[in-house]
Amino acid sequence: MTPATSAGSGATAAAAGPVRAVYPGSFHPFTAGHMNVVHRARGLFDEVVVLVAVNSDKRPGVDEEERAAAVRAALPVEWTSVTVVAWSGLTSDYCRSHDVAVIVRGVRNTTDLQAEYRLAAMNQSLGVPTVLLPAQPELTRLSSTAVRTLGR
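A few points on the structure.

What counts, and at which threshold
Residues numbered from 1 in each chain as written. Predicted model: local features only at pLDDT ≥ 70, side-chain atom pairs only at ≥ 80, totals over all residues. Heavy atoms only, no water. Core = buried A, V, L, I, M, F, W, Y, C linked by side-chain atoms within 4.5 Å. Buried < 20%, exposed > 50% of the residue type's maximum accessible area, 1.4 Å probe, protein only. Helix = DSSP H or I, 4+ residues; strand = E, 2+ residues; numbered from the N terminus. Phe/Tyr/Trp six-rings, centres within 6.5 Å; stacked < 30°, edge-to-face > 60°. Pairing = 2+ DSSP bridges. Axes fitted to C-alpha atoms, helices over the stretch in contact; angles between N-to-C directions. Contact = heavy atoms within 4.5 Å.

One finds Val-38, Val-71, Leu-75 and Val-104 to be the most contacted residues of the largest nonpolar core, which totals 21 residues. For this core, the secondary structure elements donating two or more residues are β1 (20–25), α2 (32–44), β2 (47–53), α3 (64–74), β3 (82–87) and β4 (102–107). Judged by nonpolar contacts, the second largest core, of eight residues, contains Val-49, Leu-51, Tyr-94 and Val-100.

Take the packing of aromatic side chains next. Tallying each qualifying case throughout the model produces three aromatic pairs. Measuring from ring centre to ring centre gives 5.2 Å for Tyr-23 and Phe-27, while their planes differ by 65°; the resulting arrangement is edge-to-face. Like Phe-27, Tyr-23 is buried. Ring geometry for Phe-27 against Phe-30: centres 5.6 Å apart, planes inclined by 65°, an arrangement best described as edge-to-face. By the ring-pair criterion, three or more aromatic residues cluster together here, those being Tyr-23, Phe-27 and Phe-30.

Take the pairing of β3 next. Side chains Val-82, Val-84 and Ala-86 of β3 all project onto a buried face; the interleaved residues Thr-83, Val-85 and Trp-87 project onto a face where none is buried. Where β2 and β3 come together, six bridges link them in parallel fashion. Bridged to Val-48 within β3 is Val-82.

A sheet is described by the order of its strands in space; here five strands give the open sequence β3-β2-β1-β4-β5, paired in parallel fashion. The outermost strands of the open sheet, each flanked by one partner alone, are β3 and β5 (130–134). Taking the axes of each pair of neighbouring strands and ignoring which way they run, one obtains an average angle of 30° across the sheet. In this fold α3 packs onto β2 and β3, with an angle of close to 170° to the strand it touches most, β3. Helix-sheet contacts for helix α5 (residues 110–125) involve β4 and β5, and the interaxial angle to β4 is about 170°.

A cis amide bond, omega 0°, links His-28 with the succeeding residue Pro-29. Among the secondary structure elements, Pro-29 is positioned in the loop between β1 and α2. Despite not being glycine, Phe-27 shows a phi value in the positive range, around 50°. In this fold, Phe-27 is placed in the loop between β1 and α2. In this structure, Asp-99 is a non-glycine residue whose phi angle is positive, near 55°. Secondary-structure assignment places Asp-99 in the loop between α4 (91–97) and β4.

Right, dumping it as structure tokens:
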């Protein structure tokens, strides 16, 4: 019996096909911290979709299509396993309708961790697991809000 045909969790990733991940956010603007999360997610998953989302709690000033274009422009062209999509629905709905196996989120501190843990639990209950990637130490103070504030 091969690992792919044995009972239980013996199926291999190769037998299951490529693993797609989604990295959702408002990305207003797309920061070095976001770029770092995408870079690291590329090493973990076969494909990464940067999902530029509408967040009703945030008022970005530019629509998601413009933000998606800015993210596309920021990504290195050789990152062919990364795509950028604008989306206005639930991330879990996107995952289910586009064969995405996992959500990737970055966390900078304990406040982020608490919020992301709650969100991960909700998405898990909707059938999509979350992988949390801790920020690199030099990027923990960087946030889109700080970049917007300093850029004014």
